[in-house]
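As a plain string of letters, each chain reads:
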Amino acid sequence: MANVLFLIDHDGSKVAKTAGELATFAKRVGSPVGVIIANSGSGDALASQLGGTEVERVVVVENDDVAKHGIAAAVSVLAQVAAEQEPSAVLVASSARGKEIAGRLALRTGGGVITDAVDLKADLSTTQSVFGGSFTVNAKVKVGTPVITIRPSSNEAGAGSGPASVEKFAVTIEAKDKTVAITNSQPPVKGGRPDLTEAKIVISGGRGTNGNFVEVEAMADLLGAAVGASRAATDAGWYPHTHQVGQTGKTVSPQLYIACGISGAIQHRAGMQTSKTIVAINKDPEAPIFDLADFGVVGDLFAVLPQARETIKSKRA
Amino acid sequence: MKIAICVKQVPDSWAEKKMVGGRLDRESVDAVLNDLDEYAIEEALRIIEPLNEGKETPEHTITLISMGPDRTTEAIRKGLSMGADSGLLVSDAALAGSDAVATAKVLSKVIQDGGFDLVFCGTESTDARMSVIPAMLAESLGWAQLTFAGSVKVDASAKSVEIARMTESGVENMSANFPCVVSVIEKINEPRYPSFKGIMAAKKKQIDTKALADIGIAAGDVGLSGAWSEVLEANPRPAREKGVKLEDAGDGGTKLADYLLEKRLV
């Protein structure tokens, strides 16, 4: 079976959860070969974290140029690995960086690119949700080796015995891919809460919070949920824009989405309407969010949320 | 310093969209300048305005570049009314159905021919939302990629750019020498509204329209026939089933909690 390459994201010390998800997708279309691009001396520790996944082989490229020069250098590495492994497709997890790498790699290797797939079939056709989840599209790359980015949490990572083998691969990065100099890099400031795009439950606040996210956060902490915000709330400076859900923010598709004080303008709906279950709390009975909600409460979030929290706590106990 | 800004005309992001034959029906909705492009225009204006101050003929200019049907000139005109100097539109029936690869080819060809130092972009268009074009332009031009900038510093005399890249992976400070492709995130600035004076001035500004033949790209390399990826099928998402809506009569929170517990959602 043909190799299917997939890029394994990590933060230098920890492999991302998407690695197992991509391996499972890759296995559906071929023989999964993971690629780890890491600084000198840190590849083995990362590869060792892939035990129990469906990753069959890992190619480890230790090269310090990627951390120094960024995306063009990463593309160069992947193109060289692809030239060696001759894959039938290359998979990358959807993120700002993942999509940029995919787009450039597609141009460099002469293949088509598809972004933000939520499913991948054995014939390499993909499913995407477009225009804010109002349409579902099936697409396929018809020229060259397809480069496909897949949204995190699109599948459950399967269990396997991998990785069977870890091999080192040396690359040389040319000057043309080193034109950018990265002088400093800081990881994201992580609270104790899960990432928006990976969370099973998202609870978001909008204009109705009036800038007070205390109740929204308290509910999030009780449920182990991520906190989102509408554009109105981030524009007002009430919550960091990295938490914005909507057309110009993040797209989320959790098991449960709780919209608090959010009217549900199309701008916001575009980022959350593919959520499995939607709950809305809003004072305005005419708010369009209620058209989407499986369960809606017309009321004040500052009364409804604490009461719901106390009920959940007491019934769980 | 010559700056090109890639802009796109998109369906109003507040409008419901329709698809016909696997493609967006662009005729049925109001078309506007992609609002994320306005941040790129604003940022470029803030860079060149102080440098041009007091000069008879501006030494630093901004050209808006787009690809799309003829009515794209309306979106370009909006950017000109904000203060950009001129526009360039590649419009050709053969471009319909172009994918990201074809778009990158066309835009990078006119950028290359235009002798620009810098390209500015928004991070994505609000319709396709792929967020790949700035990176793909850097790839096809062979220029430095400085994307997802939350701040930009341009040193026109040293011909260098410094940005703070802000994404879900954190913040990275990076720099490069001209030529560069820069994309800016929407929190970088507050785009200006075109003034009455700006709108009047924009009417006199030049928008060049070019066909594929004018820029030396073969029709077969772009559009639906030249696309490297294809849409096999597109279906509207089924409407959600009507849910429960209740007034909070003092027990709304309890009822909500019961619903979540009963459905085993929490």
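Predicted, not measured: the structure shown is a model, and the values here were computed from it.

K.L.:
Just give me the short version of the overall build of chain A, but keep the residues and values in it.
P.N.:
Along the backbone of chain A there are ten helices and 15 strands. In summary, chain A has a C-alpha radius of gyration of 21 Å against a globular reference of 20 Å for 317 residues, a match within 12%. Counting only C-alpha atoms and orienting by the principal axes, one finds that chain A spans roughly 60 × 40 × 40 Å. Partitioning the intrachain contacts of chain A with sequence separation of at least 6 by distance along the chain shows that 67% fall at a separation of at least 24.

K.L.:
Report on the overall build of chain B, specifying residues and quantitative values.
P.N.:
A count of helices and strands for chain B gives eight helices and 15 strands. In terms of overall dimensions, chain B has a C-alpha envelope of 70 × 40 × 40 Å along the principal axes. Every one of the 266 residues in chain B was classed for burial, and the buried ones make up 48%. Of the contacts made within chain B by residues no fewer than 6 positions apart, 69% connect residues no fewer than 24 positions apart.

K.L.:
An account of the packing of helix α6 (residues 214–223) of chain A against helix α10 (residues 301–316) of chain A is needed here, citing residue identities and associated values.
P.N.:
Residues and elements named next belong to chain A. At a closest axis distance of 10 Å, the pairing of α6 and α10 adopts a crossing angle of 20°. If you check the angle between α6 and α10, you find them roughly parallel. For the element pair α6 and α10, the recorded crossing hand is left-handed. Judged by residue contacts, E215, A218, M219 and L222 of α6 engage L301, F302, L305, P306, R309, I312 and K313 from α10. Residue composition of the contact of α6 with α10, by class: eight nonpolar, no polar and three charged.

K.L.:
Quick one: what's the story with the sheet that holds strand β14 (residues 277–282) of chain A, residue by residue and with numbers?
P.N.:
The sheet built from six strands is open, its strands ordered β12(A)-β11(A)-β13(A)-β14(A)-β15(A)-β15(B) with parallel pairing. Of all strands in the sheet, those with a lone pairing partner are β12 (226–229) of chain A together with β15 (244–247) of chain B, marking the two edges. Between one strand axis and the next, the sheet turns by 15° as a mean value, whatever way the strands run. Sheet analysis places strand β15 (residues 295–298) of chain A next to β15(B), joined by four bridges and oriented parallel. Pairing of V298(A) across the sheet is with E247(B), part of β15(B). Against the sheet, α6(A) engages β11 (201–205), β12 and β13 (256–260) of chain A, with an angle of about 175° to β11(A). Sheet contacts for helix α8 (residues 252–262) of chain B: β14 and β15 of chain A together with β15 of chain B; angle to β15(A), the most-contacted strand, approximately 170°.

K.L.:
Describe the sheet that holds strand β8 (residues 147–150) of chain A, listing the residues and the values that go with them.
P.N.:
Read from one edge of the open sheet, ten strands run β9(A)-β3(A)-β2(A)-β1(A)-β4(A)-β8(A)-β5(A)-β6(A)-β7(A)-β14(B), paired in mixed fashion. Each end of this open sheet is capped by a strand with a single partner; those strands are β9 (165–168) of chain A together with β14 (229–236) of chain B. Between one strand and the next, the sheet's axes are offset by a mean angle of 35°, whatever the strand orientation. Pairing analysis gives seven bridges linking strand β7 (residues 135–141) of chain A to β14(B), with the strands arranged antiparallel. Looking across to β14(B), one finds that F135(A) is bridged to P236(B).

K.L.:
Please give an account of the interface of chain A and chain B that cites residues and values.
P.N.:
The interface is formed by 74 residues belonging to chain A together with 64 residues belonging to chain B. A total of ten residues in the side of chain A that touches chain B trace back to one element, the largest contributor, which is helix α5 (residues 96–109) of chain A. Of the residues assigned to the side of chain A that touches chain B, the class counts are 36 nonpolar, 28 polar and ten charged.

K.L.:
How would you summarise the packing of helix α2 (residues 72–82) of chain B against helix α5 (residues 196–204) of chain B if you had to cite specific residues and measurements?
P.N.:
Each pair of packed helices gets described by two things: the angle between the helix axes and the distance between those axes. All names here are of chain B. Axis separation between α2 and α5 bottoms out at 7 Å; the angle between their running directions is 125°. In terms of their interaxial angle, α2 and α5 are classed as oblique. Between α2 and α5 the crossing geometry is right-handed. Residues R77, L80, S81 and M82 of α2 lie in contact with α5, whose contacting residues are G198, I199 and A202. Here the contact of α2 with α5 is built from residues that sort into four nonpolar, two polar and one charged.

K.L.:
Hey, could you go over the environment of G246(A) for me, with residue numbers and the actual values?
P.N.:
All names here are of chain A. By the element assignment, G246 lies in the loop between α7 (231–235) and β13. Accessibility expressed as a C-beta count within 10 Å gives 26 for G246, which makes it buried. Measuring from C-alpha to C-alpha, the distance between G246 and S48 comes to 37 Å, with 198 residues separating the pair along the chain. For G246, the residues in contact, after removing those within four places along its chain, are S230, R231, Q267, H268, A270 and G271.

K.L.:
Break down the nonpolar core for me, citing the residues and quoting the values.
P.N.:
Counting residues in hydrophobic clusters, the biggest one holds 134 residues, and the most contacted among them are L78(A), L91(A), I5(B), V119(B), L146(B) and V182(B). Considering every element that reaches this core, the biggest residue donor is helix α4 (residues 71–85) of chain A, with nine residues.

K.L.:
Give a description of α10(A) that names residues and reports values.
P.N.:
A rise of 1.5 Å per residue sets the reference length of α10(A), with its 16 residues, at 22 Å; its end C-alpha atoms lie 22 Å apart and thus fit the reference within 8%. What α10(A) keeps buried is the set L301(A), V304(A), L305(A), Q307(A), A308(A) and I312(A). In the core, the buried residues of α10(A) are packed alongside α6, β13, β14 and β15 of chain A together with α8 of chain B.

K.L.:
Just give me the short version of the pairing of strand β1 (residues 2–6) of chain B, but keep the residues and values in it.
P.N.:
Residues and elements named next belong to chain B. Most of β1 is tucked away, with four of its five residues classed as buried. Summarising the sheet, β1 and strand β8 (residues 118–122) pair through three bridges and their orientation is parallel. Bridging from a neighbouring strand, I3 pairs with L118 of β8.

K.L.:
Can you explain the pairing of β13(A)? Please cite residues and give values.
P.N.:
All names here are of chain A. Across the five residues that make up β13, a large majority, five, are buried. Two strands pair when backbone bridges link them, and β11 and β13 are joined in this way by five bridges, in the parallel orientation. Within β13, the position partnered with I201 by the bridge is L256. As paired strands, β13 and β14 are joined by five bridges and run parallel to one another. When the sheet's bridge partners are listed, L256 is paired in β14 with T277.

K.L.:
A description of helix α4 (residues 133–141) of chain B should follow, citing residues and the corresponding values.
P.N.:
All names here are of chain B. α4 sits mainly inside the fold: nine of its nine residues count as buried. Residues I133, P134, A135, M136, L137, A138, E139, S140 and L141 constitute the buried set of α4. A positive phi of about 75° marks G142, the residue just after α4.

Thresholds, definitions, all that
- Residues numbered from 1 in each chain as written.
- Chains lettered and ligands numbered in written order.
- Predicted model: local features only at pLDDT ≥ 70, side-chain atom pairs only at ≥ 80, totals over all residues.
- Helix = DSSP H or I, 4+ residues; strand = E, 2+ residues; numbered from the N terminus.
- Rg over C-alpha atoms; globule rule 2.2 N^0.38 Å.
- Contact = placed C-beta atoms within 7 Å.
- Buried ≥ 20, exposed ≤ 12 C-beta atoms within 10 Å, placed from the backbone.
- Axes fitted to C-alpha atoms, helices over the stretch in contact; angles between N-to-C directions.
- Parallel < 35°, antiparallel > 145°, perpendicular 65-115°, else oblique.
- Left-handed = near helix turned anticlockwise from the far one by under 90°.
- Nonpolar A, V, L, I, M, F, W, Y, C, P; charged D, E, K, R; others polar.
- Pairing = 2+ DSSP bridges.
- Core = buried A, V, L, I, M, F, W, Y, C linked by C-beta atoms within 7 Å.
- Expected span 1.5 Å × (residues − 1).

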